[in-house]
Amino acid sequence: MSVLITGAEGFIGQKLAAALHAAGAGVVGLDLAAHDPRPWPVLVGDVTDLAFVERVFSDYDITGVVHAGGVSGPHVCNTDPARVFAVNIGGTVNLFD
């Protein structure tokens, strides 16, 4: 049984994953890139890829999700509002699905 944390390499995701892991919970991270080795798996992928999200749920015993992997503000992706929508809305829908 593991908690899937999207945005696991971000500020909030890293802190949450570390705290859950320290408390003995299973953790699976998901982000667009993995930076430093972690004592839990960090999968590289995109929440907008439904087939990938479905594989994550089928390959790991995911019992909870913390969706911290989104575009946090217009300064991050201000030239591509469709991408902001795809990640923040479409990615969330994929996780619910």
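Nothing here was measured: the structure is a model prediction, and the numbers come from that model.

A. Inspection of the overall build of the protein chain at higher detail. If you tally the helices and strands in the protein chain, you get 3 helices and 4 strands. Going from N to C terminus, the protein chain has its helices and strands arranged as β-α-β-β-α-β-α. The C-alpha radius of gyration computed for the protein chain amounts to 13 Å, which stays within 12% of the reference 13 Å derived for 97 residues, consistent with globular compactness. C-alpha atoms of the protein chain, sized along the principal axes, occupy 40 × 25 × 20 Å. Sorting the 97 residues of the protein chain into buried and exposed places 34% on the buried side. When contacts within the protein chain are restricted to residue pairs at least 6 apart in sequence, long-range pairs at least 24 apart make up 50% of them. Of the roughly 5,700 Å² that the protein chain leaves accessible, carbon and sulfur atoms contribute 61%. The average position of the 4 basic charges and that of the 10 acidic charges among the side chains of the protein chain differ by 7 Å.

Rules used throughout
- Residues numbered from 1 in each chain as written.
- Predicted model: local features only at pLDDT ≥ 70, side-chain atom pairs only at ≥ 80, totals over all residues.
- Heavy atoms only, no water.
- Helix = DSSP H or I, 4+ residues; strand = E, 2+ residues; numbered from the N terminus.
- Rg over C-alpha atoms; globule rule 2.2 N^0.38 Å.
- Buried < 20%, exposed > 50% of the residue type's maximum accessible area, 1.4 Å probe, protein only.
- Contact = heavy atoms within 4.5 Å.
- Areas by Shrake-Rupley, 256 points an atom, 1.4 Å probe, with all protein chains shown as cover.
- Lys, Arg positive; Asp, Glu negative; His and termini not counted.
- Charge placed at Lys NZ, Arg CZ, Asp CG, Glu CD.

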